[in-house]
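Tertiary structure, described
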Amino acid sequence: MTKQLDPTKLIQLPMSNLKLPATRLTATLIVIAAVMLVLLILFRLSLRNIRPGYVGIVFDKVTHKVTARAKEPGWALINPFTQSIQEYPVTIQTYSMVFKGSEGQVSGDDSIKVQSSEGQQINLDVVIQYQVIRDEAGALYEDWGGAAIETVEDRVVSQNTRSQVPVIAARYGWEEITASQRGEIAAQVATALDQEFARRHLELVSFGIREVHLPGALQQALDAKIQAQQQAEQQQYQLAQAKVRAEQDKVAAQGRASAVQAQAE
């Protein structure tokens, strides 16, 4: 006996087969989306923005070496798994060491304490301008183990200034440090710092003594001396003016005498 086929099943078979390609397409799209998402995340992790005025030093964690050339400002790509990047400023940086903590890089009194040739303690406010040598930024990274510029400032700029200024200032008296020889002292310190900075891949742009803080007794003595000098200068001025007036009166008297004589003649 021949088996009869159910017509409804014959119609349902093609309909079920049509669902298979749609399922595969959805799965494929999901896989593509996942891959694209992973690639996007990797790209984002690899992208670095180097700020204007800085260079980027790329360090390879596998070879433990710095790349030959520093990255210029702008977008840079690195391998986020094997590489890291550190920025260093190549523009002029200003580092202040001052008595007022709100003005310098360090909170509180960061001025330099020195002793004059007479043994008087004086506080100096100083300002240092420097910059990283662009072509030596990679060597700077290696010497300091990838430390940030703030660490370099503390170890090189601050510490060398603190060691050089007292040695040079101790050769001068407190009045010379305060006024007459301040420029000479700053020039000598600049020469010493220039050599130290160059050895550590930095260039000294300028060094200056901005202000001198004296102990109360010395400040009073200095004020009294300045006042006495001003009074002496005032007296000299008054004497000079009196001399000028006397000369003018003499000339005027001579003129009048000449006039009288002329009339008599």
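Because the structure is a prediction, the values reported are computed rather than measured.

1. Examining unusual backbone geometry
A positive phi angle is found at His201, which is not glycine, with a value near 70°. With respect to the element layout, His201 can be found in the loop between helix H5 (182-199) and strand S9 (202-213).

2. Here's the deal with the packing of aromatic side chains
Within the structure shown, the criterion is met by one aromatic pair. The aromatic ring of Tyr54 is capped on one face by Arg51, whose charged end is 4.1 Å from the ring centroid.

3. As for the side chain of Gln131
Looking at the element boundaries, Gln131 is found in strand S8 (residues 121-132). A distance of 2.9 Å separates the side chain of Gln131 from the backbone oxygen of Val90, its partner in a polar contact. Among all residues touching Gln131, those that are not within four sequence positions of it are Val90, Thr91, Ile92, Leu202, Glu203 and Val205.

4. Points about helix H3 (residues 149-169)
With 21 residues, H3 extends 28 Å between its outermost C-alpha atoms, agreeing within 8% with the 30 Å of an ideal straight helix rising 1.5 Å per residue. Of all the residues in H3, the buried ones are Ile149, Val152, Glu153, Val156, Val157, Ser158, Asn160, Thr161, Gln164, Val165, Ile168 and Ala169.

5. Remarks on H5
The end-to-end C-alpha distance of H5, which contains 18 residues, comes to 26 Å, matching closely the 26 Å that a straight helix rising 1.5 Å per residue would cover. Within the sequence span of H5, burial applies to Ile185, Ala186, Val189, Ala192, Leu193, Glu196 and Phe197. Within H5, the buried residues cover an arc of 135° as seen down the axis, which keeps them to one side. What points out from H5, more than 90 degrees from its buried face, is the exposed set Gly183 and Gln195. In this structure, the buried side of H5 is in contact with S8, H3, helix H4 (174-180) and S9. At the exit of H5 stands His201, carrying a positive phi of roughly 70°.

6. With respect to the environment of Pro80
With respect to the helices and strands, the residue Pro80 is situated in the loop between strand S4 (74-77) and strand S5 (83-89). Those residues in contact with Pro80 that sit more than four places away from it in its chain are Leu45 and Ser46.

Here is what the cut-offs are and how they apply
- Residues numbered from 1 in each chain as written.
- Predicted model: local features only at pLDDT ≥ 70, side-chain atom pairs only at ≥ 80, totals over all residues.
- Heavy atoms only, no water.
- Helix = DSSP H or I, 4+ residues; strand = E, 2+ residues; numbered from the N terminus.
- Phe/Tyr/Trp six-rings, centres within 6.5 Å; stacked < 30°, edge-to-face > 60°.
- Lys NZ or Arg CZ within 6 Å of the ring centre and 35° of its normal.
- Polar contact = N/O pair within 3.5 Å; in protein donor to acceptor, adjacent residues only side chain to side chain.
- Contact = heavy atoms within 4.5 Å.
- Expected span 1.5 Å × (residues − 1).
- Buried < 20%, exposed > 50% of the residue type's maximum accessible area, 1.4 Å probe, protein only.
- Arc of directions from axis to C-beta.

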